[in-house]
Amino acid sequence: MTRLPDYVGVSALGVKMGIVVPGSDIVQMVYDALVKCDADGLLDDTDTICITESVVARAQDNYVT
């Protein structure tokens, strides 16, 4: 990915991974999504990947409706 100018601060992108249901393998889902991002040149070596707690809870069937 092209380096952002020094005057630009932290930026974040949301990555679509599909629907997460109880029992989903979110590790594999995240990996597959990141492979696509890397192929499109959207990842750098120093990037941080974050997964929301709600996605983890849904995969674990540990949430309140």
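Values in this document were obtained by computation on a predicted structure and should not be read as measured data.

Attention now goes to the overall build of the chain. Across its full length, the chain carries two helices and zero strands. Rg of the C-alpha trace for the chain: 14 Å, well past the compact-globule value of 11 Å for 65 residues, more than 25% over. Its C-alpha atoms put the chain at 45 × 25 × 15 Å along the principal axes. Across the 65 residues of the chain, 14% fall into the buried class. A separation of at least 24 residues holds for 50% of the contacts in the chain among residues at least 6 apart in sequence.

Attention now moves to the packing of aromatic side chains. Inspection of the entire model under this criterion finds zero aromatic pairs. Residue placement shows Arg-58 over the ring face of Tyr-63; its charged tip is 4.3 Å from the ring centre.

Residue placement: Ala-39 occurs in helix 1 (residues 26–39). Separated by 31 residues in the primary sequence, Ala-39 and Val-8 have C-alpha atoms spaced 24 Å apart.

Scoring rules and cut-offs
- Residues numbered from 1 in each chain as written.
- Predicted model: local features only at pLDDT ≥ 70, side-chain atom pairs only at ≥ 80, totals over all residues.
- Heavy atoms only, no water.
- Helix = DSSP H or I, 4+ residues; strand = E, 2+ residues; numbered from the N terminus.
- Rg over C-alpha atoms; globule rule 2.2 N^0.38 Å.
- Buried < 20%, exposed > 50% of the residue type's maximum accessible area, 1.4 Å probe, protein only.
- Contact = heavy atoms within 4.5 Å.
- Phe/Tyr/Trp six-rings, centres within 6.5 Å; stacked < 30°, edge-to-face > 60°.
- Lys NZ or Arg CZ within 6 Å of the ring centre and 35° of its normal.

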